[in-house]
Amino acid sequence: MGHAIDRRADVYAVAAIGYELLTGAAINLDLVALVQHGVEGWPHLPNPSAVRRELPPELDGILIGALSFEPGGRPPSCLELEHQLAAVAAAHGYAADDKAVASWVLAETPRRAPRTSGAVRNAG
């Protein structure tokens, strides 16, 4: 798009992933194609809380703001975006530390039977 690349490009990417994770809706990240729709109403997406009513409305401004067309409209860093999201999560009781997330991932990951060492015998 001709803008200087800085941390706010990463903010845009993280916000796009967050939008997809929270709403379940895929978004197009091809900015050149999207700009054909115009800057007015950017990013041309419904608010997350409109897609999933159980999401806190405070997320709307955070994620849509982080997806701003103009880099100056985004948080200055992913750290700032993290702080904004963490505040909403804490206010709604969604906060989890790394151990809680690891436990959840482990519980959600399908278990595979352990591999046995040695030769496989022909039963036939």
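All of these numbers come straight from a predicted model, not from anything done at the bench.

**Let's talk about the environment of Leu-81**
Reasoning step 1: By the element assignment, Leu-81 lies in helix 5 (residues 78-91).
Reasoning step 2: Looking at Leu-81, the relative accessible area reads 1%, which means it is buried.
Reasoning step 3: Sequence spacing of Leu-81 and Gly-65 is 16 residues, and the spatial spacing of their C-alpha atoms is 9.9 Å.
Reasoning step 4: With residues up to four places along the chain from it excluded, the contact list for Leu-81 reads Val-11, Val-14, Ala-15, Ile-62, Ala-66 and Pro-75.

**Remarks on the layout of surface pockets**
Reasoning step 1: Considered as a void within the structure, the largest pocket measures approximately 820 Å³ in volume.
Reasoning step 2: What lines the largest pocket is a set of 20 residues, and nearest its centre among them are Leu-22, Leu-85, Ala-89, Tyr-94 and Val-101.
Reasoning step 3: It is helix 5 that provides the largest number of residues to the lining of the largest pocket, a total of five residues.

**Re the pattern of salt bridges**
Reasoning step 1: Per the counting criterion, the structure on display carries two salt bridges.
Reasoning step 2: Between Asp-6 and Arg-8 there is a salt bridge, and its shortest N-O distance comes to 2.4 Å.
Reasoning step 3: The partner of Glu-54 in a salt bridge is Arg-52, with the nearest N and O atoms 2.5 Å apart.
Reasoning step 4: Exposure remark for Arg-52: the relative accessible area of 30% places this residue in the partly exposed category.

**So, the environment of Thr-23**
Reasoning step 1: As for its placement among the helices and strands, Thr-23 is situated in helix 1 (residues 7-23).
Reasoning step 2: It is 9.2 Å that separates the C-alpha atoms of Thr-23 and Asn-47, two residues lying 24 residues apart in sequence.
Reasoning step 3: In this view, Thr-23 contacts Pro-48, Val-51 and Arg-52; residues no more than four positions away in its chain are not counted.
Reasoning step 4: At 2.7 Å, the side chain of Thr-23 forms a polar contact with the backbone oxygen of Tyr-19.

**Some points on the packing of helix 4 (residues 58-66) against helix 5**
Reasoning step 1: Where helix 4 contacts helix 5, the axes come no closer than 10 Å and their chain directions differ by 165°. Taken as axis vectors, helix 4 and helix 5 run roughly antiparallel relative to one another. Remark: the crossing between helix 4 and helix 5 carries left-handed chirality. Counted together, Glu-58, Leu-59, Ile-62 and Ala-66 of helix 4 and Leu-81, Gln-84, Leu-85 and Val-88 of helix 5 form the full contact between these two elements.
Reasoning step 2: In terms of residue class, the contact of helix 4 with helix 5 is made up of six nonpolar, one polar and one charged.

**Regarding the packing of helix 1 against helix 4**
Reasoning step 1: Contact geometry for helix 1 and helix 4: axes closest at 8 Å, N-to-C directions at 135°. When the axis of helix 1 is compared with that of helix 4, the two are oblique. Along the contact surface, helix 1 presents Val-11, Tyr-12, Ala-15, Gly-18, Tyr-19 and Leu-22, while helix 4 presents Leu-59, Leu-63, Ile-64 and Ala-66.

Scoring rules and cut-offs
Residue numbering note: each chain is counted from 1, following its sequence as written. In keeping with the predicted nature of the model, local features appear solely for residues at pLDDT of at least 70, side-chain atom pairs appear and are counted solely at 80 or more, and the whole-chain, interface and lining totals rest on all residues. Hydrogens are left out, water is left out, and the side-chain values use all remaining heavy atoms of the structure. Strands here mean DSSP runs of E at least two residues long; helices mean DSSP runs of H or I at least four residues long; both are numbered from the N terminus. When a residue's accessible area, from a 1.4 Å probe over protein chains only, is under 20% of the maximum for its type it is buried; when over 50% it is exposed; and in between it is partly exposed. Contacts are residue-level and defined by heavy atoms, with any inter-residue pair within 4.5 Å sufficient. A cavity, in this analysis, means grid points on a 1 Å lattice covering only the protein atoms where a 1.4 Å probe fits yet has no way out; a pocket is instead an open set bounded by protein on both sides within 12 Å along at least five of seven lines, and a residue lines either one if it has an atom within 4 Å of a point. Grid points are joined across faces, edges and corners, and a volume is the space filled by probe spheres set on the points. Each reported salt bridge corresponds to a side-chain nitrogen of Lys or Arg within 4 Å of a carboxyl oxygen of Asp or Glu. Under the rule applied, a polar contact is a pair of N or O atoms within 3.5 Å (in protein, one hydrogen donor and one hydrogen acceptor; residues adjacent in sequence only if both atoms are side-chain atoms). The axes used here are C-alpha line fits, helices contributing only the stretch in contact, and every angle between their N-to-C directions lies in the interval 0 to 180 degrees. To sort the angles, those under 35 degrees are grouped as roughly parallel, those over 145 as roughly antiparallel, those from 65 to 115 as roughly perpendicular, and the leftovers as oblique. Should the near helix be turned anticlockwise from the far one by less than a right angle, the crossing is termed left-handed; should it be turned clockwise, right-handed. Residues are sorted three ways: Asp, Glu, Lys and Arg are charged, Ala, Val, Leu, Ile, Met, Phe, Trp, Tyr, Cys and Pro are nonpolar, and all the rest, Gly among them, are polar.

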